[in-house]
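One letter stands for each residue in the lines below.
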Amino acid sequence: MRFGLGPFAAEQAGAISWMEAYEIVGEAARQADSTGFDSVWVAERQFSADGYCPQPFIAAANIAAKTESVKIGVLPIAGLTHPLYLAEDAVVLDNLSGGRAIVVPINAASHERMAYGISEDDYQERYRETIEVLLKAWAPKAFRHEGKHWTIPAGLPEHTPIPSGTVLVQPQPAQFELPLLIGGFWDYGRSLAAEMGLPLVLGAISDNDALRSLWSEYDAVAPAAARRPKMLIRDVYVSANDDPLSEVADMVSYQFKRYSDWGMWQGDPADVAGLSRSSLIVGNPEQVIEQIAALDSVNGLDHLICRMHFPGMPLHQLLASMSLFSREVIPEFRMPDLPKQIRRGI
Amino acid sequence: MEFGIGLWGMQSTRNAPLSHPTLYRRLAEDAQFAEHVGFESLWLTEHRFWYDGYLPSLLTAGGYIAGATTRLRIGTGCLLLPQHDPMRVAQGVNTLDQISHGRLDFGVALGYRDIEYDALGISRKKRASRMENALDILAASSRGASFGECKAYSPERGEAAQLITPSPVQQPVPIWVAAVGEKAVERAARRGLNLLLSDAHDDRRAGELIELYHRTAQSAGVDSSNIRFGILRYVWVDESAARAEAVTIPRLRAFLLEQLGGWRYLSDENGNSLGFDQPVALRKAAEGVIRNNAAIGTPDTVIRRLKNLESVGVNFIVARTHMVSESPEDRHRAMELLASEVAPALSTVGRA
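Residues numbered from 1 in each chain as written. Chains lettered and ligands numbered in written order. Predicted model: local features only at pLDDT ≥ 70, side-chain atom pairs only at ≥ 80, totals over all residues. Heavy atoms only, no water.

**Things to note about the overall build of chain B**
A count of helical and extended segments in chain B gives eleven helices and nine strands. On C-alpha atoms alone, chain B measures out to a radius of gyration of 20 Å, which is about the 20 Å that the 2.2 N^0.38 rule sets for 352 residues. The buried share of chain B, reckoned over its 352 residues, is 63%. Restricting to contacts in chain B with at least 6 residues of sequence separation, those with at least 24 account for 73%. Across chain B, the centroid of the 40 positively charged side chains sits 3 Å from that of the 41 negatively charged ones. (Helix = DSSP H or I, 4+ residues; strand = E, 2+ residues; numbered from the N terminus. Rg over C-alpha atoms; globule rule 2.2 N^0.38 Å. Buried < 20%, exposed > 50% of the residue type's maximum accessible area, 1.4 Å probe, protein only. Contact = heavy atoms within 4.5 Å. Lys, Arg positive; Asp, Glu negative; His and termini not counted. Charge placed at Lys NZ, Arg CZ, Asp CG, Glu CD.)

Here it is, written out as structure tokens:
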């Protein structure tokens with residue numbers, strides 16, 4: 001199994017300012033890069049009072065400058081604005097990171113959709129059309145696109161005609177194929193991923209119990225030949241102390257309250273014990289290994305994206321949790337039958 | 001007089017092809033070098049759909065420079081604002097200002113290539129009104145206002161009560177308006193924004209436009225005493241005058257003819273834009289830029305060439321030392337000479 005760190009949100013919470021929040025992202029990414037994590041992730045939400053990162057490619061590019069090897073995953077909202085902006089941000093990230101970009105377009109929350117004056121039905125079409133444009137824009141051929149919402153190039157009568165009627169996005173991605181996965185945080189996204197044969201990322205808002213059927217629904221529709229790493233986002237915290245959950249309870253509540261406010265999750269964010277059973281991976285290293293192994297045996301995961309930074313978490317607490325995770329959890333999944341002396345240290 | 005260094009467009013041209021990951025790695029190295037030798041800022045340039053991979057996403061590249069440096073300011077020279085969604089840009093400006101700890105110099109220009117507008121489905125004819133609209137939104141977002149409070153906000157966009165977050169570190173982020181014509185100078189002056197004049201202006205014209213700025217500001221009740229008047233200049237400092245003449249001037253000429261010809265950027269004396277289809281007039285215009293709007297040679301030559309800008313009211317130069325086809329070693333040597341030999345001689349007009 002591969003392990004990612006994130007998605008980061010760089011929100012202002014507790015005593016953490018925005019400037020500090022981005023410093024935490026950078027420092028954590030540096031540590032991830034040198035301690036066995038495979039990827040670092042940043043996500044987008046707009047108009048959030050806590051300043052949740054609204055333009056994640058800028059934060060991702062910042063991570064690229066501070067790391068050498070980790071893949072850099074971005075979860076941008078698709079469909080709010082012209083797809084070429086997203087296409088261009090992504091190719092620039094891919095080149096400045098030496099070909100390390102992964103892009104997982106996610107769906108807008110209703111407050112974001114409404115801020116752009118987009119109806120729910122229109123939004124689904126805009127999301128689909130954005131995915132179609134991204135696939136064309138990242139291919140090494142000039143293209144034209146005629147869709148319900150966008151025509152590229154538009155061919156407006158007041159402009160000098162483009163002889164070929166096509167454009168080619170520049171620069172081209174550094175990777176031959178820029179990895180495009182679909183954010184499966186909504187029904188439409190999951191069915192679209194299956195229909196287009198694109199890989200799917202399931203989110204922290206899907207309970208453990210729901211995962212299996214979500215993958216099965218996907219498998220039933222997606223072409224069997226499509227290669228599709230199974231990726232899952234989980235909120236993860238590791239501590240050697242007696243009661244790890246109590247160390248992050250308030251932050252976890254904050255996190256799930258936000259999901260609830262955005263209309264993406266239903267439940268009681270204050271019920272942290274319930275959340276720890278249904279959605280979190282929290283415990284000492286041995287408990288965390290058990291929880292990941294259990295998820296893996298049911299779902300057959302390829303890549304677990306661990307959201308280890310909760311809103312307001314100070315840097316030292318994050319680095320300590322990451323450090324335990326990299327030394328005492330990750331090795332367990334790098335070799336079957338790992339000698340326990342290696343995991344515990346001799 | 002202060003100096004920024006420019007312009008990085010991440011181009012892999014016919015004359016100097018290079019892989020883009022290499023170009024971006026060198027951008028980080030160049031930025032670190034610029035910071036080391038003491039430049040105030042490094043400036044990026046935007047275009048889209050050009051064969052050489054010209055940088056289309058300045059704020060993303062800015063995030064990368066912010067991660068590679070600690071003191072250097074990051075200039076967009078310029079972001080083609082009317083081609084973008086202003087809400088997205090406002091969020092990006094504030095985010096980059098936070099990530100860089102308040103090091104953003106946000107330069108904006110209209111853009112002029114039809115294809116760039118057409119691909120995005122935006123009429124080029126609307127570029128001036130889109131610019132004004134976006135500047136209103138940027139001014140409001142810099143204050144942490146909800147975008148419904150922007151006078152430019154168009155109600156068909158939906159719910160107006162949303163906040164643009166985060167707010168920026170700098171209050172406000174300095175905005176520079178690129179100006180070729182008088183309308184853009186007046187636009188900047190009415191708003192009290194910094195001015196970034198073009199490498200197509202000679203010193204005399206730069207002086208006239210700065211005068212126009214002061215007059216317009218005065219009649220609009222705007223205090224122009226602390227405005228920064230910047231200009232783009234092709235600058236290359238070399239110990240050897242002969243080498244500058246033999247190597248750098250032909251390099252600049254090739255760059256001008258290819259790029260500016262391809263984009264119809266230069267104009268003849270009657271204001272008609274010049275393309276590949278008018279090779280003689282284009283060459284004449286390029287020679288005019290080399291002769292009048294560049295400073296290439298030994299430190300003494302460059303000091304003499306740039307000193308005149310001071311007398312016409314310019315107080316900031318974006319030195320276009322990056323001309324695409326030179327080696328990083330040569331570029332760094334020229335940057336070092338500019339910072340150590342030329343800049344101190346022109347620092348008589350200080351900023352508080």
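Now, onward.
**Remarks on the overall build of chain A**
Helices and strands together make up the secondary structure of chain A, namely twelve helices and eleven strands. Here the C-alpha atoms of chain A give a radius of gyration of 20 Å, agreeing with the 20 Å that 2.2 N^0.38 yields for 346 residues. C-alpha atoms of chain A, sized along the principal axes, occupy 70 × 45 × 40 Å. Within chain A, buried positions represent 62% of all 346 residues. Long-range pairs, those at least 24 residues apart, make up 73% of the contacts in chain A between residues at least 6 apart in sequence. Per element, the accessible surface of chain A, about 13,100 Å² overall, is 50% carbon and sulfur. (Areas by Shrake-Rupley, 256 points an atom, 1.4 Å probe, with all protein chains shown as cover.)

**Focus on the packing of aromatic side chains**
Applying the stated rule across the entire model yields 19 aromatic pairs over all chains. Considering the side-chain rings of Phe47 of chain A and Tyr116 of chain A, the 6.1 Å spacing of their centres and the 45° angle between planes classify their relative orientation as tilted. Of this pair, Phe47 of chain A sits in the loop between strand S2 (39–43) and helix H2 (56–66) while Tyr116 of chain A sits in the loop between helix H4 (110–115) and helix H5 (120–137); the two residues are 69 residues apart in sequence, bridging distant segments of the chain. The burial state of Phe47 of chain A is the same as that of Tyr116 of chain A; both residues are buried. Ring centres 5.0 Å apart and planes at 90° place the aromatic pair Tyr213 of chain B and Phe229 of chain B in the edge-to-face group. Residue Tyr213 of chain B is found in helix H7 (residues 203–219), and its partner Phe229 of chain B is found in strand S7 (residues 229–237); the two are separated by 16 residues along the sequence. For Tyr213 of chain B, a relative accessible area of 0% corresponds to the buried category. By relative accessible area, Phe229 of chain B is classed as buried at 2%. One aromatic cluster is present, built from ring pairs that chain together Phe3, Phe37, Phe325 and Phe333 of chain A. Lying across the ring of Trp236 of chain B, Arg251 of chain B places its NZ or CZ 5.4 Å from the centre. (Phe/Tyr/Trp six-rings, centres within 6.5 Å; stacked < 30°, edge-to-face > 60°. Lys NZ or Arg CZ within 6 Å of the ring centre and 35° of its normal.)

**Re the interface of chain B and chain A**
On the side of chain A, 53 residues touch chain B, which itself brings 55 residues to the contact. Taking both partners together, chain B and chain A bury about 4,500 Å²; carbon and sulfur atoms supply 62% of that area. The interface formed by chain B and chain A includes two salt bridges. A salt bridge links Glu88 of chain A to Arg48 of chain B, with the nearest nitrogen and oxygen atoms 2.8 Å apart. Counting across the interface, chain B meets chain A through 20 residue pairs in polar contact (both at pLDDT 80 or more). Those elements that provide at least two residues to the side of chain B that touches chain A are helix H1 (20–37), helix H2 (58–68), helix H3 (86–99) and helix H4 (114–119) of chain B. When grouped by side-chain class, the residues that make up the side of chain B that touches chain A number 26 nonpolar, 19 polar and ten charged. (Buried area = accessible area lost by both parts, 1.4 Å probe. Salt bridge = Lys/Arg side-chain N within 4 Å of Asp/Glu carboxyl O. Polar contact = N/O pair within 3.5 Å; in protein donor to acceptor, adjacent residues only side chain to side chain. Nonpolar A, V, L, I, M, F, W, Y, C, P; charged D, E, K, R; others polar.)

**Regarding the side chain of Arg320 of chain B**
With respect to the helices and strands, the residue Arg320 of chain B is situated in strand S9 (residues 316–320). With sequence-adjacent residues up to four places away left out, Arg320 of chain B is seen in contact with Gly6, Leu7, Asp199, Leu232, Arg233, Tyr234, Val235 and Phe255 of chain B.

**Quick look at unusual backbone geometry**
Residues and elements named next belong to chain B. Here the amide bond leading from Gly77 into Cys78 is cis, since omega sits at 10°, within 30 degrees of zero. Its location among the elements puts Cys78 in strand S3 (residues 73–80). In this structure, Pro166 follows Thr165 across a cis peptide bond, with omega equal to -10°. Tracing the sequence through the fold places Pro166 in the loop between helix H5 (127–142) and strand S5 (175–179).

**A few points about the side chain of Gln83 of chain B**
Residues and elements named next belong to chain B. With respect to the secondary-structure elements, Gln83 resides in the loop between S3 and H3. On the basis of relative accessible area, Gln83 is assigned to the buried category, the value being 0%. At 3.1 Å, the side chain of Gln83 and the side chain of Glu116 are in polar contact.

**Some remarks on the pairing of strand S1 (residues 2–8) of chain B**
Residues and elements named next belong to chain B. Where burial is concerned, most of S1 is hidden: six out of the seven residues are buried. Direction of pairing for S1 relative to S9: parallel, over a ladder of five bridges. Pairing of Ile5 across the sheet is with Ala319, part of S9. Pairing of S1 with strand S2 (residues 41–44), which is carried by three bridges, proceeds in the parallel orientation. Paired with Gly4 across the two strands is Ser41, which belongs to S2. Handedness of the crossover joining S1 and S2 through H1 is recorded here as right-handed. (Pairing = 2+ DSSP bridges. Right-handed = clockwise from strand over helix to strand, strands pointing away.)

**Some thoughts on the pattern of salt bridges**
Opposite charge on two side chains allows them to pair when their charged atoms are near. Counting across every chain of the model gives 40 salt bridges over all chains. Linking Glu132 of chain A and Arg128 of chain A is a salt bridge whose minimum nitrogen-to-oxygen distance equals 4.0 Å. Of this pair, Glu132 of chain A and Arg128 of chain A both sit in helix H5, four residues apart, roughly one helical turn. Of the charged contacts in the structure, one is a salt bridge between Arg73 of chain B and Asp105 of chain B, with a shortest N-O distance of 2.8 Å. Of the two residues, Arg73 of chain B sits in strand S3 while Asp105 of chain B sits in strand S4 (residues 104–109), which places them 32 residues apart along the sequence. In this structure Arg73 of chain B comes out as buried when scored by relative accessible area, which is 17%. For Asp105 of chain B, a relative accessible area of 1% translates into the label buried.

**Things to note about the packing of H2 of chain A against H2 of chain B**
Contact geometry for H2 of chain A and H2 of chain B: axes closest at 7 Å, N-to-C directions at 35°. Remark: the crossing between H2 of chain A and H2 of chain B carries right-handed chirality. Touching Phe57, Ile58, Ala61, Asn62, Ala64, Ala65 and Lys66 of chain A of H2 of chain A are Leu59, Thr60, Gly63, Tyr64, Ala66, Gly67 and Ala68 of chain B, all from H2 of chain B. Across the contact of H2 of chain A with H2 of chain B, the residue classes break down as nine nonpolar, four polar and one charged. (Axes fitted to C-alpha atoms, helices over the stretch in contact; angles between N-to-C directions. Left-handed = near helix turned anticlockwise from the far one by under 90°.)

**Topic: the environment of Val185 of chain B**
All names here are of chain B. Structurally, the position occupied by Val185 is in helix H6 (residues 182–191). Taking the relative accessible area as the measure of exposure, Val185 reaches 0% and is therefore buried. Spatially, the C-alpha atom of Val185 lies 9.9 Å from that of Ala217, the residues being 32 residues apart in sequence. If sequence neighbours within four positions are ignored, Val185 has contacts with Ala179, Leu195, Leu209, Leu212 and Tyr213.

**What about the nonpolar core?**
One finds Phe325 of chain A together with Phe3 and Phe106 of chain B to be the most contacted residues of the largest nonpolar core, which totals 211 residues. Ranked by residues supplied to this core, first place goes to helix H3 (residues 83–96) of chain A with nine residues. For Phe325 of chain A, the contacting residues outside a window of four places in its chain are Phe3, Phe37, Val236, Val238, Val288, Ile292, Cys306, Met308 and Ile330 of chain A. Ala16, Leu260, Leu266 and Ala286 of chain B belong to the second largest nonpolar core, which has 22 residues in total. (Core = buried A, V, L, I, M, F, W, Y, C linked by side-chain atoms within 4.5 Å.)

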